[in-house]
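Architecture at a glance
What follows is the residue order along each chain.
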Amino acid sequence: MTRVYKILGGPGCGKTTEILNILGQKFREKLHPNQVLMIGFAKATVKNLREKCMDELKFSEEQADAIKTIHKYCLDHLTNKSVFTKEFKRDFKSKLKIDPSNWRFIDGDFSISEEDCVGWSEIEDKKLGHIFNLIGLARHKLINDTKSIIKFAHNSNDYRFARLKDSEIEWAYESLLKYKKANMLIDFEDMLYKALPDSIVFENYDTVMVDEAQDLTDLEWAIIEKISKKSNNLYLVGDDDQGIYGWKGSEVNKFQTWPCDKEDIKFLKKSYRLPTNIHHFVTTEILPEIHTRMGNTYASSGKGHGSIAMLDYIERLKGMIRENSSIIFCART
């Protein structure tokens, strides 16, 4: 049975330092670095962890290289490593452009001869980008067939997808699948999908640490679930109030609701990045009003009342801040 820990804190609260302290203690207890897997969503996260581990825990370069993004970890377990690179993307796009269904006269009517083809306009290129963005988002929601992707587009609130036709989505996705199959390629999402079957065997670890867990999508969480089944301890590290990757399909709710005993949740409340007076004002006057802040609070309530409470609270803030103060309030939405 895997024991789950959550380490939560805002920017500058020392989440990485907390990870290193935990690892340092485990290593002093004779745990070998090979028994630890450290992964993250972004390359920048991994780069930071590698540098910190080499500097503070004296990791060798080989040990530091074992800290990977989720995609790299999965890719290393696949036999087919021919990746859909930028060069292949350009080739794929050029083949799409000469597809007869896209040959048009200048007046917009379809053409049956190559000589009359005027190519794609900037608007059509942007539309193609929207289609493949839609496909990527759907696949990160574990939606992987044409019919379901079209249904996902219908249910989306994203204005970019509103004008896409079902036939356009089907044509683009089927063309992508054929091109990848013909060239034996895997793309960004394939790296994860192809690592999910039981035929791909992940190693056993004593400890798995997932940094910036608030940024993971459903597909990436599926990988974490598979990894965690073969580990003794799973550490989910992040800030559920910093879920800024919704545009790429991240699911902060998965981080919030992932089963974890209360005693295994640690809140890092002190920020080392803010001036003392600002930190004091935020922690004493603003954060208490954000009731969905961090951890399993969101899951237990089932409702997100924090924003509503903040609207009411703005009136009370007027009495706390001088009218001529130099202060800026920023909101994510």
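Reading the values: the criteria
- Residues numbered from 1 in each chain as written.
- Predicted model: local features only at pLDDT ≥ 70, side-chain atom pairs only at ≥ 80, totals over all residues.
- Heavy atoms only, no water.
- Salt bridge = Lys/Arg side-chain N within 4 Å of Asp/Glu carboxyl O.
- Helix = DSSP H or I, 4+ residues; strand = E, 2+ residues; numbered from the N terminus.
- Buried < 20%, exposed > 50% of the residue type's maximum accessible area, 1.4 Å probe, protein only.
- Polar contact = N/O pair within 3.5 Å; in protein donor to acceptor, adjacent residues only side chain to side chain.
- Contact = heavy atoms within 4.5 Å.
- Pairing = 2+ DSSP bridges.
- Axes fitted to C-alpha atoms, helices over the stretch in contact; angles between N-to-C directions.
- Core = buried A, V, L, I, M, F, W, Y, C linked by side-chain atoms within 4.5 Å.
- Expected span 1.5 Å × (residues − 1).

**A look at the pattern of salt bridges**
Following the criterion strictly, the structure yields 17 salt bridges and no others. As a salt-bridge pair, K266 and E18 come within 2.9 Å of each other at their nearest N and O atoms. A residue pair is termed long-range when its members are at least 10 positions apart, and K266 in strand β6 (residues 265-268) and E18 in helix α1 (residues 15-28) qualify at 248 residues. The partner of K68 in a salt bridge is D76, with the nearest N and O atoms 2.6 Å apart. Exposure remark for K68: the relative accessible area of 18% places this residue in the buried category. D76 sits in the partly exposed class, given a relative accessible area of 27%. In the salt-bridge network here, residues are joined through shared partners; they are R139, K180, D187, E189 and D190.

**Re the side chain of K68**
The topology assignment puts K68 in strand β3 (residues 68-69). In terms of polar contacts, K68 uses its side chain to reach the side chain of D76, at 2.6 Å. Ignoring anything within four residues of it in the chain, the contact list for K68 reads M38, I39, G40, V46, R50, Y73 and D76.

**Considerations on the pairing of strand β4 (residues 205-211)**
Burial analysis of β4 places seven of its seven residues in the buried class, the great majority of the element. Sheet topology note: the strand β2 (residues 36-40)/β4 ladder contains five bridges and is parallel. Within the sheet, the bridge partner assigned to V36 lies in β4 and is T207. Of the strand pairs in this sheet, β4 and strand β5 (residues 231-238) are connected by five bridges, and their pairing is parallel. Paired with Y205 across the two strands is S231, which belongs to β5.

**A look at the sheet that holds β5**
Ordered in space as β3-β2-β4-β5-β1-β6, the six strands form an open sheet in which the pairing is parallel. Edge positions in the open sheet fall to β3 and β6, since each of these has one partner strand only. Seen against the sheet, α1 touches β1 (3-9), β2, β4, β5 and β6 and runs at an angle of roughly 170° to β4.

**Thoughts on the nonpolar core**
Generally speaking, a soluble globular protein has its nonpolar side chains buried in company with each other. Residues V210 and L236 are the most contacted members of the largest nonpolar core, which totals 34 residues. Of all the elements in the fold, those that place two or more residues in this core are β1, β2, α4 (70-75), α9 (188-193), β4, α10 (218-228) and β5. Here the element with the most residues in this core is α10; it accounts for five residues. Excluding residues within four positions of it along the chain, V210 makes contact with I39, L216, I224, L234, Y235, L236 and V237.

**Things to note about α1**
With 14 residues, α1 extends 20 Å between its outermost C-alpha atoms, agreeing within 8% with the 20 Å of an ideal straight helix rising 1.5 Å per residue. The element α1 is extensively covered by neighbouring structure, given that ten of its 14 residues are classed as buried. Turning to α1, its buried residues number three or more, namely K15, T16, E18, I19, L20, I22, L23, G24, K26 and F27. Of the residues one or two after α1, K30 is the one with positive phi, at around 80°.

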